[in-house]
Amino acid sequence: MIVNNRTKSVSFIIISTLILLSVILSFLTNPVSPTPWVLVIALCLMPLIRQSHIKQIKWSKEYNIGIEYIDQDHKKLLHLLNQFSIAYDYAQCEEFEREALEDLVSWTKYHFKREEKLMEDYRYPGLVAHKEEHQAMMEQVEEYVSIYNREGHDSLKQVTNLLTFWLINHIQESDTKYRNYLLELGADEFDS
Ligand SMILES: [Fe+2]
Ligand SMILES: [Fe+2]
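All values derive from a computational prediction rather than experimental measurement. (Residues numbered from 1 in each chain as written. Chains lettered and ligands numbered in written order. Predicted model: local features only at pLDDT ≥ 70, side-chain atom pairs only at ≥ 80, totals over all residues. Heavy atoms only, no water.)

Here we look at the overall build of the chain
Filter applied, for reference: Starting at the N terminus, helices and strands are each numbered in turn, a helix being any DSSP run of H or I of at least four residues and a strand any DSSP run of E of at least two. Note on method: radius of gyration uses C-alpha positions; expected globular size equals 2.2 Å times residues raised to 0.38. When accessible area is computed with a 1.4 Å probe and restricted to protein chains, residues below 20% of their type maximum are described as buried, those above 50% as exposed, and intermediate ones as partly exposed.
Of the regular secondary structure elements, the chain holds six helices and zero strands. Taken over the C-alpha trace, the chain has a radius of gyration of 23 Å; the compact-globule value for 192 residues is 16 Å, which it surpasses by more than 25%. Reported as C-alpha extents along the three principal axes, the dimensions of the chain are approximately 75 × 35 × 25 Å. Going through the 192 residues of the chain one by one, you find that 41% of them count as buried.

With respect to the side chain of H134
Our working rule: A 3.5 Å cut-off defines polar contacts: any pair of N or O atoms within that distance qualifies, except that in protein one atom must be a possible hydrogen donor and the other a possible acceptor, and neighbouring residues in sequence count only when both atoms are side-chain atoms. Whether two residues are in contact is decided by their heavy atoms, any of which lying within 4.5 Å being enough.
Position of H134 relative to the elements: it lies in helix 5 (residues 127-151). A distance of 2.8 Å separates polar atoms of two side chains, one belonging to H134 and the other to E116. Leave out the neighbours within four places in its chain, and H134 touches F112, E115, E116, M119, W166 and H170.

Remarks on the side chain of E115
Definition in use: The charge count includes Lys and Arg as positive and Asp and Glu as negative, but it does not include His or the ends of the chains. In the sections that follow, a salt bridge refers to a side-chain nitrogen of Lys or Arg positioned within 4 Å of a carboxyl oxygen of Asp or Glu.
Turning to its location among the elements, E115 is positioned in helix 4 (residues 94-121). Buried charge E115 goes without a salt bridge, the closest partner of opposite sign being R114 at 8.8 Å. Within polar-contact distance, the side chain of E115 engages the side chain of H130 at 3.4 Å. Sequence-distant contacts of E115, defined by excluding residues within four places in its chain, comprise I70, H74, H130, H134, H170, D175 and Y178.

A short note on the environment of I171
As for its placement among the helices and strands, I171 is situated in helix 6 (residues 159-185). Looking at I171, the relative accessible area reads 1%, which means it is buried. Between the alpha carbons of I171 and D71 there is a distance of 9.4 Å; along the sequence they are 100 residues apart. Non-local contacts of I171, meaning those with residues more than four positions away in its chain, are made with W59, Y63, I65, H74 and T176.

Next comes the structure, spelled out in structure tokens:
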């Protein structure tokens, strides 16, 4: 049986409320018994249990390409992806989810423009192919956004996995290639 994120969140709230009510009742009926304390511990553990199901990707040193402002852009992209995962998994507020998706899309566009400008400035020979990769990704993301506008929350299931996979691969392969080219040129100071 497929349980969607809204159902999971509602179940989480109901279970937490039931435990809270049990704590109050246990304290009122038998304050010396260990039961209410066990329930308090269970209540404290609930957010941790909920959080452990949310996938968060940590930045790793191997994702650095060595150009400070581009690395900062990539870190922010990963952070926005993580924010989006939280918004999607909690699925409590459409506004939060939509905002997280829009932030992710607009930062991705902004970053692609900055990167393309850098490659243009240094006449990178792989610019056209690299731009095409960016373009294909943006088309894919925009398609997801329009599906989301039509079908809502459940249509976003694949987005985080796809974007994370794409981003990490793209950084480690295509972005690393233009970085190598810039290093071969002897360029070592870059303005954002
Ligand atoms: Fe990049
Ligand atoms: Fe790129």
